Amino acid sequence: MNLFLDTLFNGLAIGSVLVLAALGLAVVFGLMGVINMAHGELMMLGAYTTFVVQNLLKTGPLEGLFPIYILISIPLAFLVSGLAGLLLEATVIRRLYGRPLETLLATWGVSLILQQFVRSVSTAFALGLLLSVALGLFVHRFLPSHWWQQRWAPLLNFVNWLLASAIGIGLAASLGSVRVLDQAWFSARNIDVTAPQWLRGSIDIGSVNMPVARLFIIGLTIIALVSVNWFLQKSVWGIRIRAVTQNRSMSNCLGIPTETVDALTFLVGSGLAGVAGVAVTLLGSVGPNLGGNYIVDCFMVVVLGGVGKLLGTVLAALGIGVLSYVLGSGSLLLVWPTMPAALNELITFFATTSMAKVLVFALIVVFLQFRPAGLFPPRGRMVEV
Amino acid sequence: MASVRSNKLFVRALGGTTALITSLSVVSCSGEKKAEGGFDGEVKVGILHSRSGTMAISENTVAEAELMAIDEINAKGGVVIDGKKLKIVPVEEDGASDWPTFAEKSKKLIDQDKVAVVFGGWTSASRKAMLPVYEAKDHFLFYPIQYEGQECSKNIFYSGATPNQQAEPAVDWLLKNKGKDFFLVGSDYVYPRTANTIMKEQLKAKGGKLVGEDYLPLGNTEVAPIIAKIKQALPKGGVIVNTLNGDSNVAFFKQMKAAGITPANGYSIMSFSIAEEEIAAIGPEYLEGTFAAWNYFQSLDTPASKKFTADFKAKYGDKRVTNDPAEAAYMMVYLWAAAAEKAKSVDDNKVREALVGVSFNAPEGKVTVQPNHHVEKLVLIGEVQKDGMFKILENQGFKKPVAWNQYVPETKGFTCDWTQKRPDAGKYKM
């Protein structure tokens, strides 16, 4: 019984991290069919938001709020990652709908850019970037409008951006000689997010020892799930999102602004990634590479769960959580101590975290051989879409 | 611009006049000038560390320590060969935490830049990637990190510890002072796997007991199964030896603390990859009371050690810390320069031969290069304090390096001695 509870709790703990990390992807990949390789980096932005909030509240007038900085970070991280996602949608993904391969490559490139961005961003860098974008976007407003109807308008546009970039780089370089402005905000080093005191210990419920941070993540996951479900099922925009998912052209005909719906879906999915980013700061280190550690697991969960089904995502994540815990911790040996020696050796061999991961992957591959569309395959007319 | 130039002209003119008038002032003036820029030539050396990617956090410090040693040697007049002062010019390359890149950049440093020597590498994987390059080109690499041993290349000098200078004394110390039940945790790659193989043999030989082991893929942060295993295997406390590398350590210690596996509850945790730099990154509150074995700690109380730390802080900022890899990196530049002066040449073959027996008063004490291309090192056991520094619990004195491990059956009885003129000098039966 004891062992059962232990397994259940730890499986739930591992699974809830996966649910939270994959939830945003389930929305973006599941509902929009966009393969967003930058999902992990959106999580990373959420984690860095937590770091910034923590440092802002550490000292200064708002010091009293420090113990609950993690709660304050959650909506802010949602906002930061959501806006980053919105920008990503408007600049890259919108142009690539219906071309999954190109989307995959483009978002992967974006993920690299985001990683390098947090490594090298400094005040000088940020000001330079801001100036470039501002010039690039606004200069043409001041040029005679008939210039933009000429045949050489694309060339003009190109030159405009080229000059804007050059000026931005120039500004960054000249500001870079000032030591204060040149200091990288985060640098390539990992940053330290320290959990507030009340999230550090553990409590014993019955005979099971539960770290508070894990309970917090489980709670956060449940809240996120309930709200996403409510949003998609009950709210007006949620219903529109589902309508567009089911039949885009019909929705369009009925007056649903599909482009706004796309942007909104992406914002929600990206924002959820930010919330997951806040949660994972409680477990591990925060650095530019954080996203890469989660992205594969996220896709695994969504594919196994069946694209487009939140319930599938949840069950898949919990299943993977329990399975990797049972295999990795070698609990099977405790349940059945008298098993044949050969089987015992086999289980011992797989009872390390890295081998368990191999085995879980292998099992998923086998499972997908029999059910290629995952646990909950889309049915009926949706398949054709 | 113009004013700078006229200033220079003015200085030159002034120097010329003084030279004509008094000879005494010329001597002092030209003496000063030589220390600044009056070299008779240059010698290029390669610096090859990850300045980007996941290893950058650790390798930056190492590269900085090497550059500091080069600056110091240059400030004293560079490498003096036959009375000629050669300025050391570092050529920096970025290994980018990518092992094939290390091999590629090594080729570039040797073939294009024609460097006299390369200082570089951190992970064993990067060294294993570079080794064939240096052996094929018969060139010359200095590697500054403690590693798993079981290697002895003619073309590599290792200024970090072999297992018998770090892991083995640490295990002996744990057996004597902390208990017999061991749980081994490591990242899943060559160093932890090999180090744990050695430790398992050692435990067998010394009466310890292995109660479990686990490996985490590099970068993985989910350690719940490991914690459960530790709780099953060591319900009442025991010894945990940690060879995790990089980011995983943060997850490991954060979650261990939350689960109550702490020194206060009877667990003795010994880490082999956590030095002062990593403590600062993980947070001392998670590590306080755990142990580490190294050959140098910033808290080592000797004049040489204090000077090294003070110089490093003066150069790179007051918040920075020194650690074992930085010290080993700093020392190897000096060892190379001393060997070049001894060989009266910067030619890689001659310097390599001259290196065996060369000594340097390093921050950890006087170190001497041994015939197996490793260095005799000071063995220290430390405990992490609140301020992120180590309290030195035991100083076991200097230990000679053993390249081929004597606990592992496959290499037992083998040794390495590059002063022997035999074809199998890298590995032969004693």
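Because the structure is a prediction, the values reported are computed rather than measured.

Trainee: Sorry, what's going on with the overall build of chain A here?
Mentor: The helix and strand inventory of chain A stands at 16 helices and two strands. Structurally, chain A occupies a C-alpha span of about 85 × 55 × 40 Å along its principal axes. Surface summary for chain A: the accessible area is close to 19100 Å², and the carbon and sulfur share equals 72%. If you average the places of the 20 positive and of the 13 negative side-chain charges in chain A, the two averages end up 9 Å apart.

Trainee: Explain the packing of helix α8 (residues 212-233) of chain A against helix α9 (residues 236-246) of chain A to me, please; I cannot follow it from the model alone.
Mentor: When two helices pack together, you describe them by how their axes are tilted relative to each other and by the distance separating the axes. All names here are of chain A. Closest axis-to-axis distance for the α8/α9 pair is 5 Å, and the angle between their directions is 75°. With respect to α9, the axis of α8 lies roughly perpendicular. The segment α8 lies against α9, with Phe231, Leu232 and Gln233 engaging Trp237, Gly238, Ile239, Ile241 and Arg242. Of the residues belonging to the contact of α8 with α9, the class tally is five nonpolar, two polar and one charged.

Trainee: Explanation requested: the packing of aromatic side chains in the structure shown.
Mentor: Any pair of aromatic rings gets described here by the distance separating the centres and the angle formed by the planes. Counted according to the given criterion, the structure contains 26 aromatic pairs over all chains. Aromatic pair Phe51 of chain A and Phe186 of chain A: ring centres 6.1 Å apart, planes at 65°, arrangement edge-to-face. Placement of the pair is Phe51 of chain A in helix α2 (residues 39-58) and Phe186 of chain A in the loop between α7 (179-182) and β1 (202-205), with a sequence separation of 135 residues. Owing to a relative accessible area of 12%, Phe51 of chain A belongs among the buried residues under this scheme. An angle of 45° between the planes, with centres 4.6 Å apart, marks the rings of Phe308 of chain B and Tyr330 of chain B as tilted. With Phe308 of chain B in helix α12 (residues 303-316) and Tyr330 of chain B in helix α13 (residues 324-343), the pair connects residues that are 22 residues apart, well separated along the chain. Look at Phe308 of chain B and you get buried, because its relative accessible area is 2%.

Trainee: Even after reading the chapter, I still don't get a nonpolar patch on the surface, so can you show me in this structure?
Mentor: On the surface, Trp147, Trp152, Leu155, Phe158, Val159, Leu162, Leu163 and Ile167 of chain A cluster together into a nonpolar patch covering about 790 Å² of accessible area. Summarising the element assignment, Leu162 of chain A is placed in helix α6 (residues 153-176).

Trainee: Hey, could you run me through the interface of chain A and chain B in this one?
Mentor: Interface extent is often summarised as the accessible area lost during association of the parts. Contacts between the two partners involve 36 residues from chain A and, on the opposite side, 35 residues from chain B. Connecting chain A to chain B are one salt bridge. The salt bridge partner of Arg214 of chain A is Glu222 of chain B, with a shortest N-O separation of 2.5 Å. The interface formed by chain A and chain B holds 13 residue pairs in polar contact (both at pLDDT 80 or more) in total. Class assignment for the residues of the side of chain A that touches chain B results in 12 nonpolar, 18 polar and six charged.

Trainee: Before we go on, may I ask you to explain the pairing of strand β7 (residues 181-187) of chain B in this structure?
Mentor: Side-chain direction in a regular strand flips from residue to residue, so the side chains alternate between the two faces of the sheet. All names here are of chain B. In terms of residue burial, β7 counts as a mostly covered element, since six of its seven residues are buried. One ladder, built from five bridges, connects β7 with strand β9 (residues 238-243); its direction is parallel. Paired with Leu184 across the bridge in β9 is Val241.

Trainee: I would appreciate a short explanation of unusual backbone geometry in the present structure.
Mentor: Peptide bonds are trans in most cases, and residues, glycine excluded, mostly fall at negative phi. Residue and element names in this part refer to chain B. Of note in the backbone geometry, Asp138 takes a positive phi value of approximately 50° without being a glycine. Residue classification places Asp138 among the partly exposed positions, given a relative accessible area of 28%. Look at Gln150: it is not a glycine, yet its phi comes out positive at around 60°. With respect to the secondary-structure elements, Gln150 resides in the loop between β5 (141-143) and β6 (156-158). Under the relative-accessibility criterion, Gln150 is labelled buried at 19%.

Trainee: Please explain the pattern of salt bridges as it appears in this structure.
Mentor: Pairs can form between side chains of opposite charge whenever their charged atoms are close. Residue and element names in this part refer to chain B. Applying the stated criterion to the full structure yields 29 salt bridges over all chains. Residues Glu151 and Lys128 are paired through a salt bridge, measuring 2.8 Å at the closest nitrogen-oxygen approach. Of the two residues, Glu151 is situated in the loop between β5 and β6 and Lys128 in helix α5 (residues 124-136); the sequence distance between them amounts to 23 residues. Taking relative accessible area as the criterion, Glu151 reaches 6% and is therefore assigned buried. Residues Lys200 and Glu213 are paired through a salt bridge, measuring 2.7 Å at the closest nitrogen-oxygen approach.

Trainee: How should I be thinking about the pairing of β1 of chain A in this particular structure?
Mentor: Residue and element names in this part refer to chain A. Note: β1 against strand β2 (residues 208-211), four bridges, orientation antiparallel. By the bridge assignment, Ile205 is partnered in β2 with Val208. Between β1 and the antiparallel strand that follows it, β2, lie two residues; Gly206 among them carries a positive phi value of about 65°.

Trainee: Is there a simple way to explain the state of the cysteines in this structure?
Mentor: Linking two cysteines covalently through their sulfur atoms gives a disulfide. Residues and elements named next belong to chain B. Tallying each qualifying case throughout the model produces one disulfide over all chains. One disulfide bridge connects Cys152 with Cys416, the sulfur atoms lying 1.8 Å from each other. Residues Cys152 and Cys416 are joined by a disulfide whose S-S torsion is about -55°; by sign, that bridge is left-handed. Of this pair, Cys152 sits in the loop between β5 and β6 while Cys416 sits in the loop between β16 (414-415) and β17 (428-429), and the two are 264 residues apart along the sequence. Across the pair, Cys416 and Cys152 agree in class, each one buried.

Trainee: Hey, could you run me through the side chain of Lys377 of chain B in this one?
Mentor: All names here are of chain B. With respect to the secondary-structure elements, Lys377 resides in strand β14 (residues 377-384). Using a relative accessible area of 0% as the deciding quantity, one classes Lys377 as buried. Side-chain polar atoms of Lys377 contact the side chain of Glu364, separated by 3.3 Å. Every residue in contact with Lys377, bar those within four places of it in the chain, is listed here: Ser159, Gly160, Ala161, Gln165, Asn295, Glu327, Ala328, Met331, Glu364, Gly397, Phe398 and Lys399.

Cut-offs and rules
Residues numbered from 1 in each chain as written. Chains lettered and ligands numbered in written order. Predicted model: local features only at pLDDT ≥ 70, side-chain atom pairs only at ≥ 80, totals over all residues. Heavy atoms only, no water. Helix = DSSP H or I, 4+ residues; strand = E, 2+ residues; numbered from the N terminus. Areas by Shrake-Rupley, 256 points an atom, 1.4 Å probe, with all protein chains shown as cover. Lys, Arg positive; Asp, Glu negative; His and termini not counted. Charge placed at Lys NZ, Arg CZ, Asp CG, Glu CD. Axes fitted to C-alpha atoms, helices over the stretch in contact; angles between N-to-C directions. Parallel < 35°, antiparallel > 145°, perpendicular 65-115°, else oblique. Contact = heavy atoms within 4.5 Å. Nonpolar A, V, L, I, M, F, W, Y, C, P; charged D, E, K, R; others polar. Phe/Tyr/Trp six-rings, centres within 6.5 Å; stacked < 30°, edge-to-face > 60°. Buried < 20%, exposed > 50% of the residue type's maximum accessible area, 1.4 Å probe, protein only. Patch = residues over 30% accessible without salt bridge, like charges linked within 9 Å, V, L, I, M, F, W, Y side chains within 5 Å. Salt bridge = Lys/Arg side-chain N within 4 Å of Asp/Glu carboxyl O. Polar contact = N/O pair within 3.5 Å; in protein donor to acceptor, adjacent residues only side chain to side chain. Pairing = 2+ DSSP bridges. Disulfide = S-S within 2.5 Å.

Geometric descriptors of this kind do not, in isolation, establish any biological role.
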